[in-house]
Amino acid sequence: MAAIELEHATKIYTIGEVETRALDGVSLTIEEGEFTALVGPSGSGKTTMLQLMGCLDKPNSGTVKINGQDVTRLNANQRADLRREKIGFIFQFFALVPVLSAYENVELPLLLNGVGAKERKERATALLEAVGLADRMDHRPDQMSGGEQQRVAIARALAPRPLLVLADEPTANLDTANGEQAMDIMARLNKETGTAFIFATHDQRVVAYAQRIVKMRDGRLVDGNANGSAK
Amino acid sequence: MTFKKFWVMAYRDLLRNRRRTVITFVAIALGLTLVIFMNGLITGMLDGMLRDTIRLDTGHIQIRAESYEVVKTSLLWRDLIDNADELAARAAAMPEVAAVSPILWASGVLGTASESTSVRVSGIDPASALFDPIREGLRAGEFLSGNGRGQILIGQRLADELGVGVGDRINLAVGNPDGVPQEGQFTIVGLINTGFPGIDNANVFLSLAQAQSITGSGNRASTVRIMLHDINDTDKVVAALQTPGLTVMGWRQLNEFIMTTMETGTAVYSILYAIIFLVVAVIIANTLLMAVFERTREIGILAALGMKGRQIMTMFLFEATILGLIGSLFGIILGAIVVYYFSINGIYFGDLGDVAGSLAFGTSLYTTLVPANLFLMAFWMLVVIVTVSLYPAWYAARLEPIEALHAL
């Protein structure tokens, strides 16, 4: 089953009297376990696409289906439930909860999902070990480097064993070494866990990791690769 | 489990902006201290007023004829007690009773050659400890002697009005139990100033024997007044003294007017408390709203993680609760210290007492520490804090995750 399907998804932002078609009738299917890069210049609609896929926003028209379920009809609470269970997010800024330690940040989605204490500990510890931060578990975000914070964010995104992880410019604020390390980890975890990853990026190094590349311009897909799979 | 983590997050979030948190604590604590102090002051004033009235005027308990009306000074036969001495002796035998004495009241007109004024005549036993507070109020001359024949004690203020002093002779006209006026001439032996206007402005004192003889009421009395060692024994003693044909009244009944005034006063002061609570509420709302604005992006992250609006709301309410609890704790401690201090040392008002005439013997006001009130005020403070926090918390909860993420 497709992890996510967009059908004729259109998103229009109105600022003052100016209408911007951020997404213009896009249809795209992402299969489970894919490692996809969403590329295109600024303003091409990458972030909007991720927001629709992540149930953070609704399209003005068209549908978004996650695991076959049309999510455009869900209310705020139902979308929150869906995000909590099925979707992991990685942001450009290292979006950790500043008052929580690395371990607590990874544990938080598990707590919210009602995972028991023992399993929480096992899963959070295993993930932090997987991203190479076994010795940094008790550090707060402000005690960690950008690269370390982003690795915590990767571990946190994967904690609930989501269907897909959405990453918006995950390497944009990292230096080359840290950026590559983060991408290596994500590529490895993609293979190990079978979680689909979708990156919005214009970093060529990130694109190099992708199994599939979806190009965007002016809110549309380029190359007609919408329904194809690179696998 | 999740809730526990919310508490932890709320607590740590409060530590992030320590200065603001401390300022908020101080605002809550001072607000609560002020409310507690006001409450202590008002309670102290009303307590003092009641205590003075009981001490100087009503006593803890009175035994009266069933037909006697509290506010009147009727001398009619049916309103008098025949066996006052016997009743007094019975009461005196009880261990709870500190002092007991019969009193005869009459309305009278006090007159000099040029002035006259209506007064309440109290016939008292000059030897009874019950009237020590009157004796202590003696400002000139001396107290009534044993049988008090031809002697009268009047309020200093009354004397000033009439232009008389110690040693002067003065006319007193009273009615007898049959309603026939009787008149006598008395020598002013002393002037009193108890500081209690009800006594000083319109009262004259004769010895009981003298009052009984001028009114021709034999050995009857209007009331038997009782002071107890402990005010809390009132109900018990009232019950024990019940006698057919007579009414036994406790201090609450005897001071119904003051009790009502106290209740009204308390209601009025509640408005003042409400204003202070409101000021603190605004500070809390501001603190939390600032926290929400500062953490808009974090709220977006939490929402992206699948946290629901109601959970985000809960987190902010927890912050408010922690602020409220700790602030209130300091407020209770500080308030208790302040009220306790002034309950011992009093607040000095200079000679206001004499001028206003409302404070018995006092130039200082004493607060009263009521521990239950401390917690009641703190409870209300907490209720107010959590209630006003609903707005910032709701504001945070209804932020759209996408907009929250875009902030900054």
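Residues numbered from 1 in each chain as written. Chains lettered and ligands numbered in written order. Predicted model: local features only at pLDDT ≥ 70, side-chain atom pairs only at ≥ 80, totals over all residues. Heavy atoms only, no water.

## Quick word on the overall build of chain B
Put simply, the test is: In this description a helix means any DSSP run of H or I spanning at least four residues, a strand means any run of E spanning at least two, and both kinds are numbered starting from the N terminus. Summary of the burial criterion: residues with accessible area below 20% of their type's maximum are buried, those above 50% are exposed, and those between are partly exposed, where the area comes from a 1.4 Å probe applied to protein chains only. For accessible areas, the Shrake-Rupley method is used with a probe of radius 1.4 Å. Any residue's cover is judged against the shown protein chains and nothing else. His is not counted, nor are the chain ends; Lys and Arg add positive charge and Asp and Glu add negative charge. Charge placement uses NZ in Lys and CZ in Arg. For Asp and Glu, CG and CD serve respectively.
A tally of regular secondary structure across chain B gives 15 helices and 12 strands. If one aligns the C-alpha atoms of chain B with their principal axes, the spans along those axes are about 95 × 45 × 30 Å. Per-residue burial for chain B yields a buried fraction of 53% across its 408 residues. Taken as a whole, chain B presents about 18500 Å² of accessible surface, with 61% of it coming from carbon and sulfur. Positive and negative charge centroids in chain B, built from 28 and 34 side chains respectively, lie 15 Å apart.

## Here's the deal with the overall build of chain A
The following threshold applies: The globule rule used for comparison is 2.2 Å times the number of residues to the exponent 0.38, while the radius of gyration itself is calculated over C-alpha atoms. Any two residues having at least one pair of non-hydrogen atoms within 4.5 Å are treated as being in contact.
The helix and strand tally for chain A stands at seven helices and 10 strands. The C-alpha atoms of chain A give 17 Å as radius of gyration, which agrees with the globular expectation for 231 residues (17 Å, within 12%). Along the first, second and third principal axes, the C-alpha set of chain A runs to 50 × 40 × 40 Å. Taking as baseline every contact in chain A between residues at least 6 positions apart, the subset at least 24 positions apart corresponds to 70%. Total accessible area on chain A stands at roughly 9400 Å², and carbon and sulfur atoms take up 46% of it. For chain A, the distance from the average position of its 27 positive side-chain charges to the average position of its 30 negative side-chain charges is 3 Å.

## What about the sheet that holds strand β4 (residues 61-66) of chain A?
All names here are of chain A. Convention followed: Strand pairing is assigned whenever DSSP detects at least two bridges linking the two strands.
The strand order β2-β1-β4-β5 describes an open sheet built from four strands, whose pairing is antiparallel. Lying at the two open borders of the sheet, with one neighbouring strand each, are β2 (18-31) and β5 (69-70). Bridging between strand β1 (residues 2-15) and β2 involves 10 bridges; their strand directions are antiparallel. Following the sheet pairing, Ala-2 is matched in β2 by Glu-31.

## Side note on the domain arrangement of chain B
Test applied: Delimitation of the domains relies on an automatic or database domain assignment.
Here chain B is partitioned into domain 1 (2-53 + 259-406) and domain 2 (67-244). For domain 1 of chain B and domain 2 of chain B, the distance between their C-alpha centroids amounts to 50 Å.

## What to know about helix α7 (residues 208-215) of chain B
Residues and elements named next belong to chain B. Counting buried residues along α7, six of its eight residues qualify, which places the element largely inside the surrounding structure. By the burial criterion, the buried members of α7 are Leu-208, Gln-210, Ala-211, Gln-212, Ile-214 and Thr-215. Contacts made by the buried residues of α7 are with β2 (97-111), β3 (116-124), β5 (151-155), β6 (169-175), β7 (181-192) and β8 (203-207). Gly-216 lies just past α7 and shows a positive phi near 65 degrees.

## Description of helix α11 (residues 296-304) of chain B
Residues spaced three or four apart along an α-helix point in a common direction, a consequence of the helix completing one turn every 3.6 residues. Residue and element names in this part refer to chain B. Buried residues dominate α11, accounting for eight of its nine residues. Where α11 is concerned, the buried positions are Thr-296, Glu-298, Ile-299, Gly-300, Ile-301, Leu-302, Ala-303 and Ala-304. Gly-306 occupies a position one or two residues after α11 and carries a positive phi of about 100 degrees.

## With respect to the sheet that holds strand β10 (residues 220-222) of chain A
Residue and element names in this part refer to chain A. Using the following cut-off: Structural elements are reduced to axes, namely lines fitted to C-alpha atoms, with helices fitted over the stretch in contact, and the angle between N-to-C directions of any two is expressed from 0 to 180 degrees.
Pairing in this open sheet of six strands is mixed, and the strands run β6-β7-β8-β3-β9-β10 from one edge to the other. Of all the strands in the sheet, just β6 (87-90) and β10 have a single pairing partner and so form its edges. Taken over all neighbouring pairs, the strand axes of this sheet differ in orientation by 25 degrees on average, direction set aside. Strand direction decides the pairing type here: strand β3 (residues 35-39) and strand β9 (residues 212-217), joined by four bridges, are parallel. Looking at β9, one finds that Val-39 is bridged to Lys-215. Strand contacts of helix α2 (residues 76-86): β6 and β7 (164-168), with the helix running at about 80 degrees to β6, the strand carrying the most contacts.

## Remarks on the interface of chain A and chain B
Heads up, the rule is: The term buried area refers to how much accessible surface (probe radius 1.4 Å) is lost by two components on association, counted for both of them together. Here, a salt bridge means any side-chain nitrogen of Lys or Arg that lies within 4 Å of a carboxyl oxygen of Asp or Glu. Throughout this description, a polar contact denotes any pair of N or O atoms lying within 3.5 Å of each other; where both atoms belong to protein, one of them has to be capable of donating a hydrogen while the other can accept it, and for residues adjacent in sequence the pair is counted only when both atoms sit in side chains.
Contacts between the two partners involve 27 residues from chain A and, on the opposite side, 24 residues from chain B. Of the roughly 2400 Å² buried at the junction of chain A and chain B (both faces included), carbon and sulfur atoms supply 66%. Counting across the interface, chain A meets chain B through four salt bridges. Applying the counting rule to chain A against chain B returns five residue pairs in polar contact (both at pLDDT 80 or more). The set of elements that each furnish at least two residues to the side of chain A that touches chain B consists of α2 and α3 (102-112) of chain A.

## Quick notes on the nonpolar core
The criterion, for reference: To define a nonpolar core, start from buried Ala, Val, Leu, Ile, Met, Phe, Trp, Tyr and Cys residues and group those joined through side-chain atoms within 4.5 Å.
Counting 74 residues, the largest nonpolar core has Leu108(A), Met9(B), Ile134(B), Leu153(B), Phe205(B) and Phe316(B) as the members making the most contacts within it. Two domains each donate at least three residues to this core, and these are domain 1 (2-53 + 259-406) and domain 2 (67-244) of chain B. Setting aside anything within four residues of it in sequence, one finds Met9(B) in contact with Val97(A), Val99(A), Leu100(A), Leu108(A), Leu302(B) and Met315(B).

## Quick notes on the packing of α3(A) against helix α5 (residues 146-158) of chain A
Residues and elements named next belong to chain A. The test is simple: Comment on the angle field: the value is read as roughly parallel under 35 degrees, roughly antiparallel over 145, roughly perpendicular from 65 to 115, and oblique elsewhere. A crossing counts as left-handed when the near helix is turned anticlockwise from the far one by less than a right angle, and as right-handed when that turn is clockwise. Any residue that is not Ala, Val, Leu, Ile, Met, Phe, Trp, Tyr, Cys, Pro, Asp, Glu, Lys or Arg is counted as polar, Gly included; the first ten are nonpolar and the last four charged.
Axis separation between α3 and α5 bottoms out at 7 Å; the angle between their running directions is 25 degrees. Classified by the angle their axes make, α3 and α5 are roughly parallel. Here α3 runs over α5; the crossing is right-handed. Between α3, through Ala-102, Asn-105, Val-106 and Pro-109, and α5, the contact on the second element is made entirely by Val-152, Ala-155 and Arg-156. Of the residues assigned to the contact of α3 with α5, the class counts are five nonpolar, one polar and one charged.

## So, a nonpolar patch on the surface
Here is the rule we go by: Only residues whose relative accessible area exceeds 30% and that take part in no salt bridge are eligible for patches, with like-charged residues grouped when within 9 Å of each other and nonpolar side chains (Val, Leu, Ile, Met, Phe, Trp, Tyr) grouped when within 5 Å.
Taken together, the side chains of Ile271(B), Leu272(B), Ile275(B), Val279(B) and Ile283(B) make up a nonpolar region of the molecular surface, amounting to roughly 420 Å² of accessible area. Within the secondary structure, Leu272(B) sits in helix α10 (residues 256-294).

## A short note on the environment of Ser328(B)
Residues and elements named next belong to chain B. On the secondary structure map, Ser-328 appears in helix α12 (residues 309-345). Exposure remark for Ser-328: the relative accessible area of 5% places this residue in the buried category. The sequence separation of Ser-328 and Ala-27 amounts to 301 residues, and the corresponding C-alpha distance is 9.8 Å. Those residues in contact with Ser-328 that sit more than four places away from it in its chain are Ile-28, Leu-32, Ala-378, Met-381 and Leu-382.

## Notes on the pattern of salt bridges
Taken as a whole and assessed by the stated rule, the structure comprises 28 salt bridges over all chains. Salt-bridge contacts for Glu148(A) lead to Arg136(A); the nearest nitrogen and oxygen are separated by 3.1 Å. In this pair, Glu148(A) sits in helix α5 while Arg136(A) sits in the loop between α4 (117-130) and α5, placing the two residues 12 residues apart along the sequence. Like Glu148(A), the residue Arg136(A) is buried in the burial classification. Ionic pairing is found between Asp13(B) and Arg16(B), a salt bridge with its closest N-O pair at 2.6 Å. Residue Asp13(B) and its partner Arg16(B) are located together in helix α1 (residues 2-16), separated by three residues, close to a single helical turn. By relative accessible area, Asp13(B) is classed as buried at 5%. One connected set of salt bridges, linked through shared partners, spans Glu104(A), Glu107(A), Arg120(A), Lys5(B) and Arg12(B).

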